[in-house]
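Residue-level structural notes
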Amino acid sequence: MYRFLLTPRWWGINLFVVLAIPFCVFMGTWQLGRFEDRVQTHNAAEKQPAPGTRAAKPIDDLLPVDTATSGRPATATGRYADQFLVPGRELDGKDGFYVLNMLRTGNGKALPVVRGWLPGKPGHTAVPAAPTGTVTVTGDLQASENAGTAGAHATGGLPDGQLGIIGAASLVNLVPYDVYDAWVTLQDTSGSGAGALRPVPATVPQGTGLDLKAFQNLGYTGEWFVFAGFVLFMWFRLIRREAEAARDLKLGIIAEAGTGTGTGGSTAASTDADADTDAGRNADAAESLSSGVGAGAAVAGPTDHGVPPGSDAKAGGA
């Protein structure tokens, strides 16, 4: 009954199933691993002490920025140079902007330093001047922003002196010196005078929390496993339907293609024979009826506008 599984058509179906199910299981397992990695990273980040409680280290000792060094206090010494305003940044639910200055260090590279946040729009709010001379700053280390960072302005078109994304990739075209691929945000903004800057809190590194991407990985895991189950279900269903058709053919319930054998074929042939007999009988009856009508017409003779001749005789007699 199951010899059809060895036909070329079923060899192709079986090969597809053999390849599809392991692939779906592999992809589901990979997505599940991605979700578990995010959970472990989130748990590890929660167990670590607060970044501000750790001892400050030189900026060069903490690079490159990763999940372990992001938020750590970093120190750098140099002189403030170019200043940029970063619009479209919120703090405590209020609109405002960051004040960023480039700190030229002794090795020739500049470190972007966010000195603080001010409410309002750039150009409409007075900005405290940066300290002059050689200074040593200590700020929380942050990775360079990208187009997906909250508040980032990636479309361009900003006025001169404004910056949409805090990062080396956007600053390298605005300043004539090398830039660190990181930035720091000062937590001590005292001594700024009137309109003092408010400190910008450090943010957790991307990919360390149970965000939407983590639950997307979990959803994709379920989808791949469902696909594997669906392929297996359809394979069994096709086998069952093919086996039932082969059984019906063997029992004679259905006829083979191109033949009239089988119970169904005999019934059809008998029905056709009965139909032919009935058609012959109807033809004979029609022929007899037509002969009788013709003979009656000949005896009756011609009519005048449908009035029988007998009617005229009766009328004359009257």
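Look up: the structure comes first, before these words.
These remarks concern the structure in this document. Keep in mind it's a predicted model, so treat the numbers as computed, not measured.

1. Quick word on the overall build of the chain
- Scanning the chain from N- to C-terminus turns up five helices and six strands.
- In sequence order, the chain lays out its α and β elements as α-β-β-β-β-β-α-β-α-α-α.
- Counting the 318 residues in the chain, one finds 29% classified as buried.
- The contacts in the chain between residues at least 6 apart in sequence include a share of 63% that link residues at least 24 apart.
- In the structure as shown, the chain presents an accessible area of about 19800 Å², 60% of it carried by carbon and sulfur atoms.

2. Description of a nonpolar patch on the surface
- Taken together, Leu15, Val18 and Leu19 make up a surface patch of nonpolar side chains, about 310 Å² in accessible area.
- Residue position: leucine 19 is located in helix α1 (residues 8–47).
- With relative accessibility at 56%, the residue leucine 19 sits in the exposed group.

3. As for helix α3 (residues 212–251)
- Here α3 is 40 residues long and its end C-alpha atoms lie 58 Å apart, about the 58 Å a rise of 1.5 Å per residue gives.
- Regarding α3, the residues found buried are Ala214, Asn217, Thr221, Ala228, Val231, Ile239, Ala243 and Asp248.
- Within two residues after α3, glycine 252 carries a phi angle of roughly 85 degrees, on the positive side.

4. Some details on the pairing of strand β4 (residues 110–119)
- A large share of β4 lies buried, amounting to nine of its ten residues.
- Connecting strand β3 (residues 94–105) to the antiparallel partner β4 that follows it, the hairpin turn spans four residues, and glycine 108 within it adopts a positive phi of roughly 95 degrees.
- Across two bridges, β4 lies against strand β6 (residues 183–186) in parallel orientation. For valine 113, the partnering residue across the bridge sits in β6 and is valine 184.

5. Some remarks on the pairing of β6
- The alternating pattern of β6 places Trp183 and Thr185 and Val184 and Leu186 on opposite faces, both of which are buried.
- Pairing of strand β5 (residues 134–142) with β6 involves four bridges; the strand directions are antiparallel. Among the inter-strand pairings, glutamine 142 is bridged to a residue of β6, identified as tryptophan 183.

6. Observations concerning the nonpolar core
- Ranked by internal contacts, the top residues of the largest apolar core, which has 18 residues, are Phe84, Tyr98, Leu100, Met102, Val114 and Ile166.
- Listed by contribution, the elements that provide at least two residues to this core are β2 (73–91), β3, β4 and α2 (168–171).
- Setting aside anything within four residues of it in sequence, one finds methionine 102 in contact with Arg79, Tyr80, Ala81, Asp82, Phe84, Ala110, Leu111, Pro112, Leu171, Val175, Tyr177 and Val179.
- Judged by nonpolar contacts, the second largest core, of 16 residues, contains Ala74, Tyr80, Val137 and Leu186.

7. Re the pattern of salt bridges
- One pass over the full model with this rule turns up four salt bridges.
- Note that glutamate 242 and arginine 9 form a salt bridge whose closest N and O atoms lie 3.8 Å from each other. You can see glutamate 242 sitting in helix α3 and its partner arginine 9 sitting in helix α1, a full 233 residues away along the chain.
- Since its relative accessible area comes to 26%, glutamate 242 is described here as partly exposed.
- Between aspartate 92 and arginine 198 there is a salt bridge whose closest N-O contact spans 2.4 Å. Of the two residues, aspartate 92 sits in the loop between β2 and β3 while arginine 198 sits in the loop between β6 and α3, which places them 106 residues apart along the sequence.
- Aspartate 92 gets classed as exposed once you look at its relative accessible area, which sits at 59%.

8. Re the environment of threonine 125
- Turning to its location among the elements, threonine 125 is positioned in the loop between β4 and β5.
- Spatially, the C-alpha atom of threonine 125 lies 9.8 Å from that of phenylalanine 97, the residues being 28 residues apart in sequence.
- Each residue touching threonine 125, except ones within four places of it in the same chain, is listed here: Phe97, Leu118, Pro119 and Gly120.
- Polar side-chain contacts of threonine 125 include one of 3.1 Å to the backbone oxygen of proline 119.

9. Some details on the packing of aromatic side chains
- Scanning the entire structure with this criterion turns up four aromatic pairs.
- Plain terms: the ring middles of phenylalanine 35 and phenylalanine 215 are 6.3 Å apart, the flat faces sit at 50 degrees to each other, and that makes the pair tilted. Taken together, the residues span a long stretch of sequence, with phenylalanine 35 in helix α1 and phenylalanine 215 in helix α3 at a distance of 180 residues.
- On the basis of relative accessibility, which here comes to 16%, the residue phenylalanine 35 falls in the buried class.
- You can call phenylalanine 215 partly exposed: its relative accessible area is 47%.
- Between the NZ or CZ atom of lysine 109 and the centre of the ring of tyrosine 180, over which it lies, the distance is 4.5 Å.

Scoring rules and cut-offs
Residues numbered from 1 in each chain as written. Predicted model: local features only at pLDDT ≥ 70, side-chain atom pairs only at ≥ 80, totals over all residues. Heavy atoms only, no water. Helix = DSSP H or I, 4+ residues; strand = E, 2+ residues; numbered from the N terminus. Buried < 20%, exposed > 50% of the residue type's maximum accessible area, 1.4 Å probe, protein only. Contact = heavy atoms within 4.5 Å. Areas by Shrake-Rupley, 256 points an atom, 1.4 Å probe, with all protein chains shown as cover. Patch = residues over 30% accessible without salt bridge, like charges linked within 9 Å, V, L, I, M, F, W, Y side chains within 5 Å. Salt bridge = Lys/Arg side-chain N within 4 Å of Asp/Glu carboxyl O. Expected span 1.5 Å × (residues − 1). Pairing = 2+ DSSP bridges. Core = buried A, V, L, I, M, F, W, Y, C linked by side-chain atoms within 4.5 Å. Polar contact = N/O pair within 3.5 Å; in protein donor to acceptor, adjacent residues only side chain to side chain. Phe/Tyr/Trp six-rings, centres within 6.5 Å; stacked < 30°, edge-to-face > 60°. Lys NZ or Arg CZ within 6 Å of the ring centre and 35° of its normal.

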